[in-house]
Every structure is written in structure tokens, then in C-alpha cells.
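Chains, contacts and geometry: an overview
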Amino acid sequence: IGTMAWNDHRHFEAYYAIPCMGAICHTINPRLFAEQLIHVVNHAEDRWLMIDPLFVPLFEKLAGSLGDVQGYIVLTDVAHMPETALENVHCYEELLSNETDEFKWPTLDERAASSLCYTSGTTGDPKGVIYSHRSNVLHTLTALQPNVFDLRAGDCVLPVVPMFHANAWGVPYAAPIVGCKLILPGPKLADGEVLYDLMDKENVTLAMGVPTVWLALLEYLDANKLKLDKLQRTIVGGSACPTAIMDAFRDKHDVFVHHAWGMTETSPLGTFTPNLYDHPGVKADEIDRLRAKQGKPPYGIELKIVGPDGAELPWNGEDYGTLKVRGPFVCSGYFKLDHSEAHDEDGWFDTGDVATIDARGFMEITDRAKDVIKSGGEWISSLELEEIAMQHPDVAEAAAIGISHPKWAERPLLVIVARKGAQLSSEEVLAWFKGKIATWWTPDDAVFVDELPHTATGKLNKLEIREKFKDHYTTD
């Protein structure tokens, strides 16, 4: 049973009702292209689709291409039920009102399929990851550890990360276990005003989302001279969190930012940064450096980094290599894919990330393997260039990409979104790097755009950016 919906109470109900009756809950990302949506619905063999009213027009266009779909349930009440040309359509609340509230819950094998989520499909068709009841429970128990989410009954949690994105990081399962309040923001996941009002009125203590969400919130707070008086912590994942965001939360709002990393394939928790002010052995002057890393693996997750020859590299914070991970809630393969080059027979999953791990076990992503910039045979980290650029007070967002170069094979190009009203030149941006990195790492140029493209899961779409600027160095 496919769901395409926002973070609301009906979607939350479906999260439990579908797998607990023995079916599979397939959460569908509405930000996928039409061709990708058709692919994932057909590949998953969805029989029914539960959809938000906003998506009815979309499925009216796609319906003819969805071979296995027998009908639709619109997640609304009778008063708001839209007229539609879709066949075999039901109103969610009306469907429930005609049924008894008695249900005989089946006894299910813990290893039976519970839910299905597809990757964002940035390098081909999205790939499906099946979660079992067992893996979801183990992931939830791991997330609740004190050095991870550390949820308690007195917390109020706002997951801004969408419920169609890797189980909303497991929060819809974790929050009810401890009985804490759960705030579901609906479709306005990146509206700074809406997020602030929810945080203020509902006394939110923990919020979680991708960096672009927090940029929108912080800009709204600055523009309206507002302070987050009740929020205590936020979890940032999906892509590397700029330290400028961490600084703004800490210095202006007294909010600690937990840096996290994970993937659809890891359910998605992979590493997490605990509260460093309470962490044993961490000195005050080390906190800024450690919080920029993606954190430590919680119990249940194993990490290693390997070199080009496949040999494991030391945990010294300097050697970097391909990051591999394994554990009881790391997928062992992809749905309907007989062979995956990312999985080996020992259970290790190749994440496609390049990383270092220090002696304490803190992991830091230095780049995606496909995004690392190779200039003159040497590697340049695009993430580090983006991080430095984002520290400039007039830079709202930045992307560093490798572009074909006649002499050096590749050279870094910086693509910048300036803050509203800022007067910023490429010369000023490039000068900002002086003394912060090796001279040859400095991008050769900086260009400005009104906005940067993002993938269906909120990450920078480097593929699209590279395509747009692919001739930047070779046409001059």
C-alpha cells in the first residue's frame, strides 16, 4: 500500500495500520519526477494508494501508467473530499466511519516486511529498501539511546524531515514508545514562520530536519528579531550542516545542534553527535571541531574506511577512504535486485561516501565519491569548500563542483546564493578562502545564482549543477 502524504495524523495512522495488518507501507516521495513516481509505484507493485488531496491532480495524470493500482484513498474528511476523475476512490474518514473499531491483530513473523522506501534516484532509477518489523524495532531502540535521540516523556518533538524520507529518521516509531508529544507540521515543511509558531505554541524541545529547513527558519527569526526560547536541541542530517547554522542556533538561541548521518539503506541512522558539553574526555576547545563531524556510530552499527586496494585504514582522523557500514538495520540488498555492487558477502555496505574516522570514533564525511574534485591527480573536498564559503556572512548557500579543465583535468567552481540584499563579488568570495585552505584548493571562480537545485530528499543536486556549468572553464 503506497502512501504519498505530508507529516500529518492520517499519515501517522497509516504508518502503523498498514504494517500491523500484515501489509507493507510504501512511503512515496512526491518530489520525484513523474517518470520516477511511475517507476517506484509499479516496481513496488502497489495495490492501493493513500494520497493527500494535494496530489489528486498528479495521480489523475499518472493513473493510466500505474498497472497494479486498484484504487485510491484520499486522506481527508467528507467536507474536504475533492472531485476527481480517478476510478475507485474512497474518502479516508468516511471509509473508517463505516467500520467497527474492533480488529483482530495478526501474529506476524518479526522478519516479515514492514515498510518500503526508495532512494532519491540521483544516479539512475530509485532503488527500493525493504525494512522488516525486526529492523524497525531495533532501529527504534538504538535511536532512543541516551547518546542518540535521548527522547523522554517530557519532550515535544517536531520532525520537519518528511515521513516519506527514510521513516522520518525513525521518529514516528521512537516518540510514541516513550510517550512524548509529537508535532506534525503538515505540508509547510520549510516555512520559517509556520515552524516558529509551532515551536513557540507547542513548546517544542527537539526538532529535526535538513540544513535548508534551518536556513529558512533562522532567516525568519533574524528578520523578525525573534528567539527560540523553548527549543533545546535540533538534529541536522541529510547533508553536512554548515557550522554557521550551528553557531546561529547556539549563540542566538542557546540550542545545541546534533550532527547526524545516515541513508535510506541504514534505516537511516548511521552516526550521531552526542551533546559534546557532557561527553567524557572532550575539552572545551575541541567542541567546535568535533561538532562539524557527523558523529559516532551508536551501538549496533559498525563502520570502517578502506583504501583503493580494499585494505582497512586506521582511525586517526587523517587517512580517508571509502566508508562502509554494517549492522542489524543496514540493508543486505535492494528490492528485486539480484546483485548489488554496494553489498559484499560479509555484510558490509559501500555508502559511496569518502570519510575519515578519528581515534574517538567520530566519523567525518569529506565528500561523496562521485563529488570529490580531482585536480592534477590530487583530491579536493567539495564539502570543505562549501563549509568555508557558508561561513561568509553574506553567503546563504554554496555548492562546490569539479569542472573539466584543459590543464588540471578538473578545477573547483563555487556556485553561490547570496543573502538577500547582500552586495557580493566573486573576488570577495574567493579572497575569503585565503589562509583557510591550501592555495591550490581555492576555486578558480565563483558564480552567483538565485537558487540552487536540490534532490527529492533536500540535498544539493550536484549532477544538475555540474551539467549547467560543465563548459565553464573550457569555453574561455
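Our structure is the block above this text.
Residues numbered from 1 in each chain as written. Predicted model: local features only at pLDDT ≥ 70, side-chain atom pairs only at ≥ 80, totals over all residues. Heavy atoms only, no water.

**Focus on the sheet that holds strand β20 (residues 395-405)**
One open sheet holds the three strands; their spatial order is β20-β21-β22, and the pairing between them is mixed. Both edges of this open sheet fall to β20 and β22 (445-448), since each of them pairs with a single strand only. The average undirected angle you get between the axes of adjacent strands in this sheet is 30°. Sheet analysis places β20 next to strand β21 (residues 409-418), joined by ten bridges and oriented antiparallel. Looking across to β21, one finds that Val395 is bridged to Ala418. (Pairing = 2+ DSSP bridges. Helix = DSSP H or I, 4+ residues; strand = E, 2+ residues; numbered from the N terminus. Axes fitted to C-alpha atoms, helices over the stretch in contact; angles between N-to-C directions.)

**Brief notes about the environment of Glu286**
When you line up the elements, Glu286 lands in the loop between β13 (269-272) and α10 (287-291). Among the residues examined, Glu286 registers a relative accessible area of 25% and is labelled partly exposed. With 27 residues separating them along the chain, Glu286 and His259 place their C-alpha atoms 15 Å apart. A polar contact is formed between the side chain of Glu286 and the backbone nitrogen of Lys283, at a distance of 2.8 Å. In terms of polar contacts, Glu286 uses its side chain to reach the side chain of Arg360, at 3.3 Å. (Buried < 20%, exposed > 50% of the residue type's maximum accessible area, 1.4 Å probe, protein only. Polar contact = N/O pair within 3.5 Å; in protein donor to acceptor, adjacent residues only side chain to side chain.)

**Some remarks on unusual backbone geometry**
Of note, the amide linkage connecting Ser267 to Pro268 takes the cis form, showing an omega dihedral of 15°. Of note, Pro268 is situated in the loop between β12 (256-262) and β13. Here the phi dihedral of Ala166 falls at roughly 50°; this positive angle occurs in a residue that is not glycine. Among the structural elements, Ala166 can be located in the loop between β8 (156-159) and α6 (171-178). Positioned with a positive phi, Ala168 is a non-glycine residue whose angle comes to about 50°.

**Comments concerning the nonpolar core**
Counting residues in hydrophobic clusters, the biggest one holds 90 residues, and the most contacted among them are Trp214 and Phe249. Ranked by residues supplied to this core, first place goes to helix α8 (residues 211-223) with six residues. Discounting residues that sit within four places of it in the chain, Phe249 has contacts with Trp214, Leu217, Leu218, Leu228, Leu231, Thr234, Asp254, Val255 and Val257. Core analysis: the second largest hydrophobic core is formed by 21 residues, Cys117, Tyr131, Ile305 and Leu323 among them. (Core = buried A, V, L, I, M, F, W, Y, C linked by side-chain atoms within 4.5 Å. Contact = heavy atoms within 4.5 Å.)

**Here's the deal with the pattern of salt bridges**
Counting across every chain of the model gives 21 salt bridges. A salt bridge links Arg250 to Asp251, with the nearest nitrogen and oxygen atoms 2.8 Å apart. Among the residues examined, Asp251 registers a relative accessible area of 54% and is labelled exposed. In this structure, Arg466 engages Asp371 in a salt bridge whose closest nitrogen and oxygen atoms are separated by 2.9 Å. Here Arg466 is found in helix α13 (residues 462-468), whereas its partner Asp371 is found in the loop between β17 (363-368) and β18 (373-375), with 95 residues between them in sequence. One continuous salt-bridge network, built from bridges that share partners, spans Asp247, Arg250, Asp251, Asp288 and Arg291. (Salt bridge = Lys/Arg side-chain N within 4 Å of Asp/Glu carboxyl O.)

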